[in-house]
Each structure stands twice: as structure tokens, then as C-alpha cells.
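For reference, the chains in residue letters:
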Amino acid sequence: MGKSKETLQQDFDQLPEEDKAARTQKAKELETKYAEEVATFHKSPAWKAYKKQQLLHQKRTNITLAKSKFLADAPKKPPAAYRIFANEQRADIMKQHPQLKGAIELSTKTSEIWKEMSQEDKKPWLEKERAAHQEYLKAREAYEATDGYKAYLKVVSRYSGRPKAKASPGKGKGKGKGK
């Protein structure tokens with residue numbers, strides 16, 4: 001492991017004045033060179049791309065944090081008719097087809113049964129889907145009136161604002177065409 005800062009300072013203090021001056025001068029030169037390189041890099045396309053990525057990451061992070069903080073109580077979207085059917089019929093399908101092993105085979109068989117059903121046979125689950133969707137819309141409307149949702153919208157609007165329009169050439173104040 002290297003020497004401590006205090007030990008290095010003591011060693012530097014014990015150097016002859018000429019060595020101290022030379023090392024101090026070299027350190028200043030290196031510091032100036034570093035500052036110039038940093039300034040050059042800040043003007044490069046790579047720096048601009050980095051800053052753009054940094055801002056994008058910050059935006060995503062802040063929106064994700066806002067979602068977890070403000071949208072925790074948001075109503076969940078209702079399941080589709082097929083999902084309601086699959087959940088209700090899973091046990092019956094497993095009893096009727098005991099050879100099915102695993103979730104993939106069960107899902108495949110459930111999907112086949114659903115596709116073979118007529119619209120009339122699907123009607124009970126489609127009705128449940130519509131009813132659940134109507135409940136969801138009511139709950140969503142009530143939720144959108146809450147302070148938490150409004151706070152979330154403020155955070156999102158902060159990051160999704162449209163850029164300000166730039167002045168187009170030839171419009172606004174400026175020199176005329178010279179008559």
C-alpha cells in the first residue's frame with residue numbers, strides 16, 4: 001500500500017528548494033494541461049452525447065421514483081376476457097386433461113379451448129370483462145382527482161415539456177430587406 005498523505009507531505013518538505021520548485025512547476029503545468037484537455041472535451045460531440053444520456057437517465061429515474069411514490073394506490077387495469085376465462089377454468093382443464101404437465105402446456109390447451117369457443121360461448125367472460133372495465137374507469141376517474149395523481153403529473157410535466165420554439169430566420173426583429 002502507498003504512503004499516507006502526511007508522510008508524503010513530510011517527504012516533500014524535506015526536499016531541497018530547487019526540487020520543490022521544479023515539482024511545483026511541473027504540477028502546475030500538468031494541472032493546466034488537464035484543464036485544457038477537459039475544456040476541449042467539453043466542446044466535443046462525445047461530451048454532448050454523454051450529457052444527453054445523463055439527462056435522459058435522470059428523467060427516467062425521476063419519473064420511476066414519482067410512479068413508485070405517487071401511483072402506488074392507482075387502480076389496476078382489469079384482466080381481459082381470456083384471462084378471466086383462464087383463471088376460472090384452470091382447475092377444470094387440469095382435471096379433464098391430467099396429462100398436461102407444466103404451465104406452458106396448460107396455457108397452450110387453455111388458448112386452444114378459448115379459440116375454439118364461439119362468441120356466444122365467450123359471452124359470460126366478455127360481460128365480466130366489460131363490467132370490470134367499467135369499474136376500473138370509475139376508480140380511475142376518482143383516482144385522477146387525488147392529490148397524489150396531480151403531484152405525479154407535475155413531475156412528469158417537468159420532464160416532458162416541449163422545447164421552446166426557436167426563432168425562424170426572417171421573422172421578428174432584425175434588418176429589413178432594405179428598400
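Values in this document were obtained by computation on a predicted structure and should not be read as measured data.

### Here's the deal with the overall build of the chain
At step 1: Secondary structure assignment for the chain yields seven helices and zero strands.
At step 2: Written out in order from the N terminus, the α and β elements of the chain read α-α-α-α-α-α-α.
At step 3: A buried classification covers 13% of the 179 residues belonging to the chain.
At step 4: In the chain, the share of contacts with a sequence separation of at least 24, taken over all contacts with a separation of at least 6, comes to 65%.
At step 5: A total accessible area of about 15,500 Å² is found for the chain, and carbon and sulfur atoms account for 56% of it.

### Describing the pattern of salt bridges
At step 1: This structure, assessed with the given rule, holds six salt bridges.
At step 2: We note a salt bridge from K3 to D11, for which the minimum N-O separation is 3.1 Å.
At step 3: Since its relative accessible area comes to 54%, K3 is described here as exposed.
At step 4: A salt bridge links K128 to E88, with the nearest nitrogen and oxygen atoms 2.6 Å apart. In this pair, K128 sits in helix α6 (residues 119–144) while E88 sits in helix α4 (residues 81–96), placing the two residues 40 residues apart along the sequence.
At step 5: Residue K128 is classed as partly exposed on the basis of its relative accessible area, which comes to 38%.
At step 6: Taking relative accessible area as the criterion, E88 reaches 36% and is therefore assigned partly exposed.

### Observations concerning the packing of helix α3 (residues 45–70) against helix α7 (residues 147–159)
At step 1: Axis separation between α3 and α7 bottoms out at 9 Å; the angle between their running directions is 175°. With respect to α7, the element α3 is oriented roughly antiparallel. Listed contacts from α7 to K59, N62, I63, A66, K67 and F70 of α3 are G148, A151, Y152, V155 and Y159.
At step 2: A class-by-class count of the residues in the contact of α3 with α7 yields seven nonpolar, two polar and two charged.

### A short note on the side chain of T110
At step 1: Its location among the elements puts T110 in helix α5 (residues 103–116).
At step 2: Other than its neighbours up to four places away in sequence, T110 contacts Y82, F85, A86 and I93.

### A look at the environment of P124
At step 1: With respect to the secondary-structure elements, P124 resides in helix α6.
At step 2: Given a relative accessible area of 41%, P124 falls into the partly exposed group.
At step 3: Sequence separation of P124 and A81 is 43 residues, and the distance between their C-alpha atoms is 8.8 Å.

### Some words on the packing of aromatic side chains
At step 1: The tally for this structure, following the rule as stated, stands at eight aromatic pairs.
At step 2: Their ring planes at 45° and their centres at 5.1 Å tell us that F85 and W114 sit as a pair that is tilted. Of this pair, F85 sits in helix α4 while W114 sits in helix α5, placing them 29 residues apart in sequence. This pair shows no difference in class: F85 is buried, exactly as W114 is.
At step 3: Relative to Y149, the ring of Y143 lies with its centre 5.7 Å away and its plane at 65°, an arrangement referred to as edge-to-face.

### So, the confidence of the model for the chain
At step 1: For the chain, the mean per-residue pLDDT works out to 87, and 89% of the residues sit at or above 70.
At step 2: Predicted confidence in the chain is weakest over α7, with a mean pLDDT of 88, and strongest over α6, with 94.

### Some words on the packing of α4 against α6
At step 1: In the contact formed by α4 and α6, the axes pass within 8 Å of each other and the chain directions differ by 115°. As α4 runs across α6, the sense of the crossing is right-handed. Contacts from A81, I84, F85, E88 and Q89 in α4 reach W125, L126, K128 and E129 in α6.
At step 2: Taken together, the residues of the contact of α4 with α6 break down into five nonpolar, one polar and three charged.

Thresholds applied
- In this numbering scheme, every chain counts its residues from 1 along its sequence in written order.
- Two thresholds apply to this predicted model, a pLDDT of at least 70 for residue-level local features and 80 or more for giving and counting side-chain atom pairs, whereas whole-chain, interface and lining totals are computed over all residues.
- Water and hydrogen atoms were dropped before computing side-chain values, which therefore reflect all heavy atoms in the structure.
- The numbering of helices and of strands both runs from the N terminus, where a helix is a DSSP run of H or I of at least 4 residues and a strand a run of E of at least 2.
- Think of it in three bands: residues with accessible area under 20% of the maximum for their type are buried, residues over 50% are exposed, and the middle band is partly exposed, with areas taken using a 1.4 Å probe on protein chains only.
- Between two residues, a contact is recorded if the distance between any of their heavy atoms is within 4.5 Å.
- Here the Shrake-Rupley method, with its probe set to 1.4 Å, supplies the accessible areas, and only the displayed protein chains count as covering residues.
- Salt bridge, as applied in this entry: a Lys or Arg side-chain nitrogen positioned within 4 Å of an Asp or Glu carboxyl oxygen.
- What counts as an axis is a line fitted to C-alpha atoms, over the stretch in contact for a helix, and the angles between N-to-C directions run from 0 to 180 degrees.
- Roughly parallel refers to an angle under 35 degrees, roughly antiparallel to one over 145, roughly perpendicular to one between 65 and 115, and oblique to any angle outside these ranges.
- Asp, Glu, Lys and Arg are counted as charged, while Ala, Val, Leu, Ile, Met, Phe, Trp, Tyr, Cys and Pro are counted as nonpolar; the rest, among them Gly, fall into the polar class.
- Stacked, tilted and edge-to-face are the three classes assigned to paired rings of Phe, Tyr and Trp, where Trp is represented by its six-membered ring and a pair needs centres within 6.5 Å; plane angles under 30 degrees give stacked, over 60 edge-to-face, the rest tilted.
- Per-residue confidence from the prediction method is given by pLDDT, with values spanning 0 to 100.
- Crossing handedness is read from the near helix: turned anticlockwise from the far helix by less than a right angle, it gives a left-handed crossing, and turned clockwise, a right-handed one.

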